[in-house]
Amino acid sequence: MMEHSDFESENTDLLRNGTSNADVDAEFEDDEEEIQMSSQEVLEALQRAWINEKFAPDLLPYEDALVEMVMIQLVHMEENLATANKNDLLYIVHRMEVERIRFIVASYLRCRLQKLETYAPHIIEVESGRPRNSKRLSAAEHKFAVDFHESVETHFNELVTRHMPQNHQDDERARRVIPNLDTHVFARARQDVGEYSLAGGELSVNIRAGAVHLFRYCDIEPLIIEGQLELI
């Protein structure tokens, strides 16, 4: 008989850097602080990150620690499954749980990949202007975005640009697609926020825990990143 799922029974240590995390209620010091999160909490945090990424028009910060912890847990779960009786009902249940978790991870990464392909030049430019501790891309994502953009530009130049008049050949910026930050999104408060200014201070709304509001994304992006709101 198998043991209970790692995501139901294990406690894990999650090392986070000094930036705020959407799913850890703690204040961070300048360097690193050890945060205790159960395995189930890690999975739930990643699921929230996936839903936020799915409904946010712009790319959100990459949850590298959450993805890493979930992948480590998946390895442990696969090891348990390898020694289990495949005719046991519990084996089937745990196998379904593993596949569900893999789906969440893959969907989260695929959603980010789609944004990188759609907004590559814009994301690269904005990312280059962010401070080191505010970067939103992983190293692998940044390399992919740069390589993808260069490949598209090379291909576009071979097919189109070099056949255009000289004064239109350097019009790369005009071809860029950028995310619409004015898109309206539904958000639910995970905690009391209090009075919050919207539209550059022209309006304000009292946001209470559990309340659902319709906002312009650009007005609440900081609250999404800080974990005070979640998209639904």
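Everything here concerns the structure above.
About the cut-offs
- Going along each chain's sequence as written, the residues are numbered from 1 onward.
- A pLDDT threshold of at least 70 governs which residues receive local features in this predicted model, and a stricter bar of 80 or more applies before side-chain atom pairs are shown or counted, although totals over entire chains, interfaces and linings include all residues.
- In computing side-chain properties, one takes all heavy atoms of the structure into account and sets aside hydrogens as well as water.
- Between any two strands, pairing holds if DSSP finds at least two bridges.
- The numbering of helices and of strands both runs from the N terminus, where a helix is a DSSP run of H or I of at least 4 residues and a strand a run of E of at least 2.
- A fitted line through C-alpha atoms serves as each axis, taken over the contacting stretch for helices, and the angle formed by two N-to-C directions is quoted from 0 to 180°.
- Two residues qualify as a contact provided that any one of their heavy atoms is within 4.5 Å of a heavy atom in the partner residue.
- Here the word oblique covers every angle except those under 35 degrees (roughly parallel), over 145 (roughly antiparallel) and from 65 to 115 (roughly perpendicular).
- Helix crossings are classified by the rotation of the near helix relative to the far one: an anticlockwise turn of less than a right angle makes the crossing left-handed, while a clockwise turn makes it right-handed.

K.L.:
Looking at this structure, how should I read the sheet that holds strand β7 (residues 229-231)?
P.N.:
Backbone hydrogen bonds hold the strands of a sheet together, and the pairing may be parallel or antiparallel. Here we have three strands laid out as an open sheet, ordered β6-β3-β7, and antiparallel in their pairing. Looking at the sheet topology across the chains shown, the edges are occupied by β6 (212-216) and β7. With strand direction ignored, the average angle separating the axes of adjacent strands in the sheet is 45 degrees. Against the sheet, helix α2 (residues 39-55) contacts β3 (184-189) and β7, and its axis sits at roughly 65 degrees relative to β7.

K.L.:
Looking at this model, I keep getting lost on the packing of helix α3 (residues 64-82) against helix α4 (residues 89-128). Mind explaining?
P.N.:
Packed helices, taken two at a time, are described by the angle between their axes plus the distance between the axes. Running from N to C, α3 and α4 point in directions that differ by 155 degrees, and their axes come no closer than 11 Å. When the axis of α3 is compared with that of α4, the two are roughly antiparallel. As for the relative orientation of α3 and α4, their crossing is left-handed in sense. Side by side, α3 and α4 meet where Val 67, Val 70, Met 71, Leu 74, Met 77, Glu 78 and Leu 81 of the first sit next to Tyr 91, His 94, Arg 95, Glu 97, Val 98, Ile 101, Arg 102, Val 105 and Tyr 108 of the second.

These figures come from the coordinates and say nothing about function on their own.
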